Amino acid sequence: MKLPKINFYDVHLYKDKIEAFIKTGIWIISFIGGILALSNSQNKEFVGSSFFIYTLSLLMEFAPQIKEKAELSSRILHLIFCALLSTDCFLSIGILFGVFSSDKYSKLMHIFIILAIIYMLIDLAALWIQPEKKAPINKSSSIHIGTYRDEVIKKFRKKLLDGNLGSIKEGAEKNE
C-alpha cells in the first residue's frame, strides 16, 4: 500500500516565512499581554472575555483557511487546530454567561491556548527550515519577457520624443 504524498506547503498556517514569524510573534505577545496579565484577576469575567477575544481573533485568522487546503490531510490537521480554538471560545462564552465555573475551566482553556501556541511555533519552525519553493524557469518565456520589455521601452521613447503636441526632434532641428 502506497502512502499518499504530503504537500508540506499546504499544511502550514502561513505560506510566507516572514509573515508567519511576525504573526506568530504577535499572537504570543497578545497571549502574554491579554490573557496571562489577567489570569490572576479576581474578576473571572475579565479572564473569560480575554479568552473570548483572543480565540475569536485566532478563529477569524485560521478558520477560513480550511476550505483553501488542497489535501485532505492538511484539512484535517487544520480542522483539529480550529476545533481546539472553537472549544476554547465556547468555554469562554460559558464563563462569561455564568454557565461554567471559571476556576475549573480556565485551567483547561489555558492548556488549549498553550497547545495552539505550541502548534503555531512548531509550524513556524517547520516552515522556516523548509527550502523556498521556487518557480521553474522557462527560457522561452524569459526571452519573450525580454523582447516585450524592449518593445515597451521603444514605444515609451517614441511617445516621449513624439508626443501629442509634436515632435521634439523637429523643433530641435528648426532651432539650429
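Residues numbered from 1 in each chain as written. Predicted model: local features only at pLDDT ≥ 70, side-chain atom pairs only at ≥ 80, totals over all residues. Heavy atoms only, no water.

Colleague: Please give an account of the packing of helix α2 (residues 17–36) against helix α3 (residues 44–62) that cites residues and values.
Modeller: The contact between α2 and α3 brings their axes to 10 Å, and the two run at 165°. Here α2 lies roughly antiparallel to α3, going by the angle between them. α3 is crossed by α2, and the crossing has right-handed handedness. Residues K23, W27, I28, S30, F31, G34 and I35 of α2 lie in contact with α3, whose contacting residues are S50, F51, Y54, S57, L58, E61 and F62. (Axes fitted to C-alpha atoms, helices over the stretch in contact; angles between N-to-C directions. Helix = DSSP H or I, 4+ residues; strand = E, 2+ residues; numbered from the N terminus. Parallel < 35°, antiparallel > 145°, perpendicular 65-115°, else oblique. Left-handed = near helix turned anticlockwise from the far one by under 90°. Contact = heavy atoms within 4.5 Å.)

Colleague: Describe the packing of aromatic side chains, and please don't skip the residues or the numbers.
Modeller: Applying the stated criterion to the full structure yields seven aromatic pairs. Judged by centre distance (6.0 Å) and plane angle (45°), the rings of F21 and W128 are tilted. Of this pair, F21 sits in helix α2 while W128 sits in helix α5 (residues 102–129); the two residues are 107 residues apart in sequence, bridging distant segments of the chain. Looking at F21, the relative accessible area reads 52%, which means it is exposed. Through successive ring pairs, a cluster of aromatic residues spans Y14, W27, F31, Y54, F62, F81 and Y119. (Phe/Tyr/Trp six-rings, centres within 6.5 Å; stacked < 30°, edge-to-face > 60°. Buried < 20%, exposed > 50% of the residue type's maximum accessible area, 1.4 Å probe, protein only.)

Colleague: Break down the side chain of H110 for me, with residues and values.
Modeller: For H110, the location among the structural elements is in helix α5. Excluding residues within four positions of it along the chain, H110 makes contact with I35, L36, S39 and F51.

Colleague: Describe the environment of F90, with residues and values.
Modeller: Its location among the elements puts F90 in helix α4 (residues 72–96). Placed 35 residues apart in sequence, F90 and T55 show a C-alpha to C-alpha distance of 9.4 Å.

Colleague: Give a description of the packing of α3 against α4 that names residues and reports values.
Modeller: Across the interface, α3 lies against α4 with an axial gap of 8 Å and an inter-helix angle of 150°. Taken as axis vectors, α3 and α4 run roughly antiparallel relative to one another. Where α3 crosses over α4, the two elements pack in a sense that is left-handed. Counting all contacts with α3, which are made through K44, E45, G48, S49, F51, F52, T55, L56, L58, L59 and F62, the residues of α4 involved are H78, F81, C82, L85, S86, D88, C89, S92, I93, I95 and L96.

Colleague: Can you tell me about the nonpolar core, naming the residues and giving the values?
Modeller: Membership of the largest hydrophobic core comes to 29 residues, with the highest contact counts inside it found for Y54, F62, F81 and M120. At the level of secondary structure, the elements contributing two or more residues to this core comprise α2, α3, α4 and α5. The biggest single contributor to this core is α5, with nine residues. Non-local contacts of F81, meaning those with residues more than four positions away in its chain, are made with L13, F62, A116, Y119 and M120. (Core = buried A, V, L, I, M, F, W, Y, C linked by side-chain atoms within 4.5 Å.)

Colleague: Pulling in residues and values, what's your account of the side chain of T55?
Modeller: Within the secondary structure, T55 sits in helix α3. Classification of T55 as buried rests on a relative accessible area of 0%. Residue contacts for T55: discarding those within four places in its chain leaves L85, D88, C89, S92 and I113.

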